[in-house]
Amino acid sequence: MGAGLAVAGDPALESAREYSAEQARRFFYYMSMMREVEDRIERKLYRQGKIVGGVYVGRGQEAIPVGAGLAAAPDDMLFPSHRDMALYLIRGVHPRQIFAQYMGRIGGLTRGRDGNMHMGDLRLRIVAIISAMAASVPVAAGAALAMRYKGTRDVAFCFFGDGATSRGDWHEGLNLASVQRVPLVLICNNNQYAYSTPIEKQMACANVADRGPAYGIPAEIVDGNDVFAVHSAALRAVEHARSGLGPYLIECKTFRMTGHSAHDPADYVPKHLWKTWGERDPIDRAKYAILANQWAEPEEIAAIESGIRREVDSAIEWAENSPYPDASELLEDVYER
Amino acid sequence: MTTTYLEAIRQGLWEEMERDPDVFLLGEDIGVYGGAFKVTAGMLDRFGERRVVDTPISESAIVGAAIGASFMGLRPVVEIQFSDFISCAYDQIVNFAAKCRYRWGAGVPIVIRAPSGGGIHGGPFHSQNPEAAFVHTPGLKVIAPATAYDAKGLIKSAIRDNDPVLFFEHKALYRRIKEDLPEEEYTVPIGKAKVVREGRHLSIVTYGAMVHVALEAAQLLDGEGISIEVVDLRTLLPLDEETVLDSVKKTSKAILLHEDTITGGLGGELSARISERAFEYLDGPIVRIAAPDTPVPYSPPLEEAFLPNLTKVVEKARWLHKY
Ligand SMILES: Cc1ncc(C[n+]2csc(CCOP(=O)(O)OP(=O)(O)O)c2C)c(N)n1
Ligand SMILES: [Mg+2]
């Protein structure tokens, strides 16, 4: 286990109580897979020049897409933000497709037309973001409106960062969703920075959750580095939304354990924060809870980890062998064929 | 001393901040971080938080606040982190800022700087050239400099101008283009194009990063005996029609080149003006070279096929020369 091992008395132990070994191991698997895939992207492929576009990773925030993503039913719609890679893994996107996407190959979800986390697949019920922060919020509200319209029991999950909540689209989307009481689960990763801008320059209220009641939306704050807590909160939110009570907002307090993007050294982050938040690493904490509950032996954990590394090795190999799109494809698919 | 395009903009901003205490900056990550591209690096230290304002991610509020501050006598300079996000402030720019003077006589002396353009593998949302939408908006001025000299001179003129000015900086030029700038202070007038290379056989009218592609093409074709004149528009609105028409009347052939997509791009407007006012001088069809009508793709082979480049310009220029 890493230096960031959570200590006995970690609240994650408490929040894990209702969980089974199988669930905990799933959480651990998806968080570890996301970490491994993103580490390779940011620290290897990007630095080797094999990824030429922007790279934004969710290191330290894996509990949020994993906890929330696994609380969604398969037909629920997901609207990820740019640090939520695990949502794709949970929906069955293979790591090799993700590597190919980042490398601009045809094996990626967009066949090279877009890069990084700008990918989606309606068959998997996962919608691609655009870059403009919070633009997905009204769109997710509309998806939720359609769910109610069609009388399904599905829910839309919309993910965004703290900075995104400064955009008008965010506020308009919440308000519309709330007056229409549509089944929308709003998940904020408050990692306390938006690029270089610290949260206190982003908003004058203490919490993103404080904004929910202004729109008549119940909100709660959770430890975003505790996957069990995130999952439990997401289940409460889903229950609320599915039963016709309207949107529900969850603010996950966390920290971005990297620069804004791969080219950002993040010198503006006070050094002590890396240490404090490093000690709250969500994967280490889940691992600790698993061992403390004897849900797995250390060797089994190690086997999961080495399995992930092997899977990722072969995924990268596959992606590197995936061809670049041919220039002749440039004009295709601007409209329906 | 050689100065990059980026540094030239920084110098222009800096000098205007020194000159006029009412000039101040607003934008995302421009203070502590010095801007996503470091155009405002060091300005927070020099001018303080009152004049270098780090804002929330709120493009509409940033531009709206700039408009409001301008009514109170300040001269705000806004940075939109990538021009792709300028759409988030569209209403404030197009409906508020652009229409005040005409409706009720209130000038809106703001500058909106927006890094734009492709060739940096930025994909569909970090590569766009949104100038045409604003050129289509009476009441705005739109600038797109191609050189360090013009970038500095024009940002200074933009700040001194009493109408809303959009200043599109091409990201691919930031660190690639350099030149020696004069020691003494200078400005470059808004609304004046420039013949950056004289020629006899055909004119390439262009702006922004494509000026350099046109110059390269001209250089190369010079060896084949084709003499190309290159007109750098520098300001897109108001258009310097006279300089364009003079050049086309002289060479009798015109290529209109831009990185923006072709349909509804500036080339169409220029073409119309040339055929309206210089038709009888033309010895060949007016040729447009621009990006095709697709989003800007991410993958290198697609982006390369998308962007106008030397090969495409040279080919068309040869064809038009022979015509
Ligand atoms: C409308 C808009 N303005 C600016 C940007 C540039 N930008 C990309 S990510 C980012 C910070 C986002 O912060 P936050 O919402 O907290 O998400 P985080 O990156 O911290 O996960 C900014 C300013 C953008 N993508 N969209
Ligand atoms: Mg953030």
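Residues numbered from 1 in each chain as written. Chains lettered and ligands numbered in written order. Predicted model: local features only at pLDDT ≥ 70, side-chain atom pairs only at ≥ 80, totals over all residues. Heavy atoms only, no water.

**Description of the pattern of salt bridges**
Right, on to step 1. Evaluated as defined, the whole model comprises 46 salt bridges over all chains.
Right, on to step 2. Its salt-bridge partner being arginine 17 of chain A, residue glutamate 14 of chain A comes within 3.2 Å of it at the nearest N-O pair.
Right, on to step 3. Looking at arginine 17 of chain A, the relative accessible area reads 60%, which means it is exposed.
Right, on to step 4. Linking arginine 277 of chain B and glutamate 241 of chain B is a salt bridge whose minimum nitrogen-to-oxygen distance equals 2.5 Å. With arginine 277 of chain B in helix H10 (residues 266-278) and glutamate 241 of chain B in helix H9 (residues 241-251), the pair connects residues that are 36 residues apart, well separated along the chain.
Right, on to step 5. One connected set of salt bridges, linked through shared partners, spans Glu15, Glu16, Arg19, Lys152, Lys156, Arg160 and Glu185 of chain B. (Salt bridge = Lys/Arg side-chain N within 4 Å of Asp/Glu carboxyl O. Buried < 20%, exposed > 50% of the residue type's maximum accessible area, 1.4 Å probe, protein only. Helix = DSSP H or I, 4+ residues; strand = E, 2+ residues; numbered from the N terminus.)

**Examining the domain arrangement of chain B**
How big an interface is tends to be stated in terms of accessible area lost as the parts join.
All names here are of chain B.
Right, on to step 1. You can read the domains of chain B as domain 1 (2-180) and domain 2 (194-322).
Right, on to step 2. The distance between the C-alpha centroids of domain 1 and domain 2 comes to 26 Å.
Right, on to step 3. At the interface, 28 residues of domain 1 touch 22 residues of domain 2.
Right, on to step 4. Taken over both partners, the interface formed by domain 1 and domain 2 buries close to 2000 Å², and the fraction arising from carbon and sulfur atoms is 59%.
Right, on to step 5. For the interface between domain 1 and domain 2, the tally reads 1 salt bridge.
Right, on to step 6. With a shortest N-O distance of 2.9 Å, arginine 234 and aspartate 150 are connected by a salt bridge.
Right, on to step 7. In this assembly, domain 1 and domain 2 are joined by 11 residue pairs in polar contact (both at pLDDT 80 or more). (Domains from an automatic or database assignment. Contact = heavy atoms within 4.5 Å. Buried area = accessible area lost by both parts, 1.4 Å probe. Polar contact = N/O pair within 3.5 Å; in protein donor to acceptor, adjacent residues only side chain to side chain.)

**Some points on the sheet that holds strand S3 (residues 184-190) of chain A**
All names here are of chain A.
Right, on to step 1. Read from one edge to the other, the open sheet built from 5 strands follows the order S1-S2-S3-S7-S6, with strand pairing classed as parallel. Taken across any chain shown, the strands that pair with only one partner, and hence form the sheet edges, are strand S1 (77-79) and strand S6 (219-223). For this sheet, the mean inter-axis angle between neighbouring strands, taken without regard to orientation, is 20°.
Right, on to step 2. Bridge analysis of S1 against strand S2 (residues 156-161) gives 3 bridges, and the strand direction is parallel. The partner of methionine 77 across the bridge, within S2, is alanine 156. (Pairing = 2+ DSSP bridges. Axes fitted to C-alpha atoms, helices over the stretch in contact; angles between N-to-C directions.)

**Notes on the coordination of the magnesium ion (ligand 2)**
Right, on to step 1. Protein ligation of the magnesium ion (ligand 2) involves Asp162 of chain A (OD), Asn191 of chain A (OD1) and Tyr193 of chain A (O), the donor distances falling in the range 2.1 Å.
Right, on to step 2. Each donor residue of the magnesium ion (ligand 2) lies on the same chain, and together they follow the pattern D-x28-N-x1-Y. (Donors = N, O, S within 2.8 Å, 3.2 Å for Na, K, Ca; no water.)

**Let's talk about the interface of chain B and chain A**
Right, on to step 1. Listed per partner, the contact involves 32 residues of chain B and 39 residues of chain A.
Right, on to step 2. Here chain B packs against chain A, burying approximately 2700 Å² in sum over the two surfaces, 66% of which is carbon and sulfur.
Right, on to step 3. Three residues, Tyr33, Ile57 and Tyr298 of chain B, lead the burial of chain B against chain A; their summed loss comes to 26% of the area buried on that side.
Right, on to step 4. Across the pair glutamate 59 of chain B and arginine 167 of chain A runs a salt bridge, and its minimum N-O distance is 3.8 Å.
Right, on to step 5. Between chain B and chain A we count 12 residue pairs in polar contact (both at pLDDT 80 or more) in total.
Right, on to step 6. For the side of chain B that touches chain A, the per-class residue count stands at 20 nonpolar, 7 polar and 5 charged. (Nonpolar A, V, L, I, M, F, W, Y, C, P; charged D, E, K, R; others polar.)

**Here's the deal with empty space enclosed by the protein**
Right, on to step 1. On inspection of all chains with the given rule, the structure shows 3 cavities of 30 Å³ or more.
Right, on to step 2. Taken as a whole, the largest cavity encloses approximately 120 Å³ of empty space.
Right, on to step 3. Residue lining of the largest cavity: 15 residues in total, with Asn129, His170, Tyr207, Gly208 and Ala209 of chain B positioned closest to the centre.
Right, on to step 4. Broken down by class, the residue content of the lining of the largest cavity amounts to 8 nonpolar, 4 polar and 3 charged.
Right, on to step 5. Of the domains in this structure, domain 1 (2-180) and domain 2 (194-322) of chain B are the two that each give at least three residues to the lining of the largest cavity.
Right, on to step 6. For the lining of the second largest cavity, the elements supplying multiple residues, two or more each, are helix H6 (136-150) and S2 of chain A.
Right, on to step 7. Here the lining of the second largest cavity takes 4 residues from S2 of chain A, the largest share from any one element.
Right, on to step 8. Looking at the lining of the second largest cavity residue by residue, the class counts come to 12 nonpolar, 5 polar and no charged. (1 Å grid on protein atoms, 1.4 Å probe; cavity = no way out; pocket = protein on both sides within 12 Å on 5 of 7 lines; lining within 4 Å. Points joined across faces, edges and corners; volume = space filled by probe spheres on them.)

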